[in-house]
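Listed here are the chains, written in short residue letters.
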Amino acid sequence: MNNTDYDSYLKQLDDMDIFLTQEEENDLAEIARLSESVHSQDNLGKEIFDTIEKAAIDSIAQIVNLSDIGDWRPDQGAVVTTPLNFENEVFACEADKKRFEMWEDRTDGRWDVNEYRKRAPFNNAYNQAKQVHLNSTKRNDGSYQDAYTSKTLYCTSDERNWHIDENEQQKHDTTTTINVDHIYSVAGLSRDPKLALYSSDTQEGFEKDLSKVANNKNNFANTSEHINKSMRDKDTLEYAKEHPDKEMDLQKVREETHKANQAKTVETVKMAVKNQSVPFVKGMAKSAVAATGKKLVGETLTISVQEFFVEFRGKKVSDDGSLLDRIKRVFSNIWRRVKEELSHIWKTIAEFATNNAASEIANLVVNFFFSTAKNIFKLIRCMMGSILRAFKIIADSKRPMKERIFEALKVISSGLAFAAGAALNEVLDKAITTNLPFLAPISSEISAVISGLVSSILSALVLMAFDKHKDKMKFRAEQDAYNNLLVKSAARELTRTAISDQKTAITMFQTVKFIEEGIAYMAVKRDQILDNFVQIEDTNLEIKELALEVDTSQAETCLLLKQLKKL
Amino acid sequence: MNCIKLSFEEREATLLESKLFGYPYIPVGVAFPTTESGKELVFLAQFNLAELPALDYLPKQGMLQFFIFDDEDYGEDESYFATNTARIIYWPTIDNNAQVDKPLRNYNSDYLIGNKCVTIKGLLCQDNEKNPISTSKIGGYADFIQNDFRIGDLNRFRLLFQLSSSRYLNWGDGGNGYFFTDKDSIFTSNLFHWDCF
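Computed from a predicted structure; not experimentally measured. (Residues numbered from 1 in each chain as written. Chains lettered and ligands numbered in written order. Predicted model: local features only at pLDDT ≥ 70, side-chain atom pairs only at ≥ 80, totals over all residues.)

## A short note on the overall build of chain B
Looking only at helices and strands, one finds zero helices and ten strands in chain B. When the elements of chain B are put in sequence order from the N terminus, they spell out β-β-β-β-β-β-β-β-β-β. When each of the 197 residues of chain B is scored for burial, the buried share is 46%. Taking all contacts inside chain B whose residues are at least 6 apart in sequence as the whole, residues at least 24 apart take part in 63%. (Helix = DSSP H or I, 4+ residues; strand = E, 2+ residues; numbered from the N terminus. Buried ≥ 20, exposed ≤ 12 C-beta atoms within 10 Å, placed from the backbone. Contact = placed C-beta atoms within 7 Å.)

## Quick notes on the overall build of chain A
Each helix and strand in chain A was counted, giving 19 helices and six strands. Across the 567 residues that make up chain A, the buried fraction comes to 36%. In chain A, of all internal contacts separated by at least 6 residues, the share reaching a separation of at least 24 is 76%.

## Overview of the packing of helix 6 (residues 120-137) of chain A against helix 9 (residues 203-214) of chain A
Residues and elements named next belong to chain A. For the pair helix 6 and helix 9, interaxial distance at closest approach is 10 Å and the crossing angle is 10 degrees. Overall, the two elements helix 6 and helix 9 adopt an arrangement that is roughly parallel. When helix 6 is examined against helix 9, the residues Pro-121, Phe-122 and Ala-125 are found in contact with a partner set consisting of Glu-207, Lys-208 and Ser-211. Broken down by class, the residue content of the contact of helix 6 with helix 9 amounts to three nonpolar, one polar and two charged. (Axes fitted to C-alpha atoms, helices over the stretch in contact; angles between N-to-C directions. Parallel < 35°, antiparallel > 145°, perpendicular 65-115°, else oblique. Nonpolar A, V, L, I, M, F, W, Y, C, P; charged D, E, K, R; others polar.)

## Brief notes about the interface of chain B and chain A
Taken together, the contact between chain B and chain A spans 20 residues of the former and 25 residues of the latter. A breakdown of the residues in the side of chain B that touches chain A according to their chemical character gives four nonpolar, eleven polar and five charged.

## Things to note about the environment of Ser157(A)
Residues and elements named next belong to chain A. With respect to the helices and strands, Ser-157 occurs in the loop between strand 2 (152-153) and strand 3 (162-164). Judged by C-beta crowding, with 15 C-beta atoms within 10 Å, Ser-157 ranks as partly exposed. Between the C-alpha atom of Ser-157 and that of Thr-177, which follows or precedes it by 20 residues, the distance is 9.0 Å.

## So, the pairing of strand 6 (residues 220-224) of chain A
Residues in a regular strand point their side chains to alternate faces of the sheet. Residue and element names in this part refer to chain A. Buried residues dominate strand 6, accounting for five of its five residues. Strand direction decides the pairing type here: strand 5 (residues 178-182) and strand 6, joined by five bridges, are antiparallel. Its bridge partner lying in strand 6, Asn-179 is registered against Thr-223. (Pairing = 2+ DSSP bridges.)

## Concerning helix 5 (residues 94-108) of chain A
Residues and elements named next belong to chain A. If you check helix 5, its first and last C-alpha atoms are 21 Å apart, about what 15 residues at 1.5 Å a residue would give, namely 21 Å. When we look at burial in helix 5, the residues that qualify are Asp-96, Arg-99, Phe-100, Trp-103 and Arg-106. One side of helix 5 carries all its buried residues, which in axial view fall inside an arc of 125 degrees. Facing away from the buried surface of helix 5 by more than 90 degrees, the exposed residues are Glu-94 and Asp-108. Looking one or two residues beyond helix 5, the residue adopting positive phi is Gly-109, at roughly 85 degrees. (Expected span 1.5 Å × (residues − 1). Arc of directions from axis to C-beta.)

## Some remarks on unusual backbone geometry
Negative phi characterises most residues that are not glycine, and trans characterises most peptide bonds. Despite not being glycine, Glu168(A) shows a phi value in the positive range, around 60 degrees. Position of Glu168(A) among the secondary structure elements: in the loop between strand 3 and strand 4 (170-172). Positive phi values are uncommon outside glycine, yet Tyr80(B) reaches one of about 75 degrees. Turning to its location among the elements, Tyr80(B) is positioned in the loop between strand 4 (63-68) and strand 5 (87-91). Since 20 C-beta atoms lie within 10 Å of it, Tyr80(B) is described here as buried.

## Concerning the nonpolar core
Counting 82 residues, the largest nonpolar core has Leu20(B), Leu44(B), Phe67(B), Ile68(B), Ile138(B) and Phe179(B) as the members making the most contacts within it. Non-local contacts of Phe179(B), meaning those with residues more than four positions away in its chain, are made with Phe66(B), Ala82(B), Ile88(B), Leu160(B), Phe161(B), Asn190(B) and Phe192(B). If you look at the next biggest cluster of nonpolar residues, it comprises five residues, including Tyr144(A), Leu153(A), Cys155(A) and Ile178(A). (Core = buried A, V, L, I, M, F, W, Y, C linked by C-beta atoms within 7 Å.)

## Here we look at the environment of Arg119(A)
Take Arg119(A): it is sitting in the loop between helix 5 and helix 6. Taking the C-alpha atoms as reference points, Arg119(A) and Glu207(A), 88 residues apart in sequence, are found 9.2 Å from one another.

## As for helix 9 of chain A
Its twelve residues place the ends of helix 9 of chain A 16 Å apart at the C-alpha level, agreeing with the 16 Å of an ideal helix rising 1.5 Å per residue. For helix 9 of chain A, the full list of buried residues reads Phe206(A), Glu207(A), Asp209(A), Leu210(A), Ser211(A), Val213(A) and Ala214(A).

## Looking at the confidence of the model for chain A
Residues and elements named next belong to chain A. Confidence along chain A averages 67 in pLDDT terms, with 40% of residues attaining 70 or more. Counted against residues more than four places away or in other chains, residues 1-6, with its pLDDT under 50, gives seven contacts. This model gives residues 277-294 a pLDDT under 50, and the stretch forms 47 contacts once residues within four places in sequence are excluded. (pLDDT = per-residue confidence, 0-100.)

## Considering the confidence of the model for chain B
All names here are of chain B. Put simply, chain B has an average pLDDT of 88, and 92% of its residues get 70 or more. Note on residues 110-114: pLDDT is under 50 here. Beyond four places in sequence and across chains, it has nine contacts. Scored by ipTM, the complex comes to 0.92, with pTM at 0.55.

What follows is the structure in C-alpha cells.
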C-alpha cells in the first residue's frame, strides 16, 4: 500500500453522505429532550460529562494492550459468543444460534440425551477406551484399585467378589465390584454449555465431539459399582463432599477431576479450533490483523467519543443549532480527525506487517476500512442506542449522582464494544470475500473469529474499566471501614489487657492461697511426723526391753535344759 | 438371535396396551405387587405379547410385566434375583374387565402423569452377540455398559428385556436396566440388574 492509495481512500471520506433513519431521528429528538432535562438539574452538568468522557476514553485507550480473554455480559446483544453470552442467548453467528438450540433441546429434554449412546460410534469408542483403561490399570493379581477410595476392586466375574450368605445364596459385593466411571458424567457433558458452544453445529458432529471428551482416557476412573451407581450423573467432587459415608478421599477425587478437566479443556480447545474458528484462529489471534483491527477500531472509537463529548459537554441544544446539525458536525469532526490522526497509524501498521499472509489481510482490512467508509457511520449508529440510554440514566434525578455516572458509563462502554465488533465483522467479511476469493467459503468464520477477538478484548476492557472505577468509588468507604477497624482493634486490645490483668491477679491470689494452705498442711504433717518419731522411739525402747526379756528367758531356758540332760 | 427392538411414543394408553409407566394391568381381585415387607413396587413396563412380533422363546400372548423399586438401586438385589424388590410377572390370559382401581405415582419422571405414558411398538430384528443392539429391546443379547455379571450358574439366564436410558428414566448416568429369565424355566426364575456409565 502506498501513499497514493491512502490519498485515494482518504478522499472518499470527503465525499460521504450522512443520512439518518427515522428511528435514529427519533432517538436524537429524545436525546435532545433529555439533554435539556439534564441541564435543568443544578447538580448535574460539566462534572458528569467530564467523568464519563474520561472513563470511556480511558477504557477505549486500553484496547491495544489488552489480552483477548474476557467474558462480556451485555444487556443488549454482542457479536462474540463467549460461553456466558451463549447461555444468555447472545450469538455471533447463525451456527452458534443453532448450537444453542441444540443445547437447549438437550437440557430441556426435548432431545433425548441418551440417543447418542445408542449409536455405534459412541459405543465403540467407549468400549475400546474402557478396555484399554482396564488393561492399563489391572494389577498383577487381577485386582484393581479404586481411584477415589484406594480400596481393592475385582471384576464382576472374580470369585473374590462373591460370597454365600446365611441363606446359602450367592451374592456379589457392589462395594468391591469394579466399574469404570466417567469423571465428567456423560449426561453432564451433554448439558455443558462450553462443550455445546465449541463443538460441531450438527447433531452427528456434536455426538462425535462429546464422545471424544467423555471417552477420553483421562476421564475414566476405576471405582466401585456401589459408588458409580449411587453417584448417578452428579459432579464427582460434590458427590464426594456430600457423602462422607462413601469414604472417598477428597484429595484423590480432586486429582482425578483435575486430570479429567485438563483433558476436557484440551479437547474443547481442539474443537474450538476446528469448529469455531477454522485453522486461522491459531495464527490470526496474535497476528497483525488483530492488532490492526484493534488499533483501528480503538482509535476511531476514541475519536468518536471525544467528539461527541466535546459537542455535548455542558451545552444546551439551543446553544448551537439543531440537534441534527450538531450530530452531523460531530460526524464531520470525527472524519476530519480520522483522516488526520489515523492515517499515520495505518501507514505504520501497513509497513510493520509485511511479507506474510497476515500482512496481506491486514492491508485488506485497512483498505476496506477506507473504501467502505460508510461502515463507520453504522458503528456510530450502533452507539446511538447506548447514548440514548445513557442520557436517560443521567436524566434520572431519583438516583444518586455517582450511581448515574457509573451506570451511564457502563451503557456507553457496552455500546462501544458492540459497535466495534459489529462494524469489524462486516468489514472483514466483505474484505475477505472481495479480495481473497479463495477464502470466500469461510470468510464469515474468519471475520467472526477476528471480530470475536476484538470484541473479547473490548469485553475484557469493559470489565476492567468498571472494576477499576468501582474500586475507586469504594475506596473512601473502605478507608472509613479500615479506620473503624483500627479503632475497634485498639479498643479490643485495651480490653484484652484489662482482662489479662484481672486474670493475673486472680491467678496470683489463687497461688498465694494455695501456698498458704500448703504451708498449714505441711505444718500439720510435720507435727504428725514428729509425733510419729516420738512414738517410734517409744516403740524402740519397748522392743529393746522385750529383747532383753527374751534374752534373759533364753538364758534361763538353756540353763534348765542343761540341768535336765544331767538328770 | 432374533429380538424385538422397541420404540416409544408419548401418549395416553389403554390399560391393556404395551407401555412404559402409567397404569399397569392388574386382574380383578389381584393386589398390586409389593415387596415381602408390603411396600408397593414401581410399575416399569408391560408388554401385551399379542401386540408384538413373535419370538420363538416367548409365549405368543398374555401380559408380561416388569416392576422395580423406589430405592437407590431401583430394587436390584445383591443376588441379582428378581424375587422381592424387582419382579417379572406374566399373566397368560388377560381379563378384559380389569379396571384401574387406585391412583399411581410416577417414577423419576416429570413427563408421566396419570394415564399419560409411553406406548411401545416392537420391530423384529437380528441381534449379534459380539455387537448387541444397545437400545431397548425384548430378547437378544444384553449390551452391558460395564460387565456381564453372569458367572457360573447364572449363565443359564437369557435376556428378556433391556431398557436403555431415555428421557423417561435415566439409569444412573445413561445406563441400561436388564431383566433376565431362566432359559429352561421361563418367568419362574428371573434376574434384574442395571449398570451405567
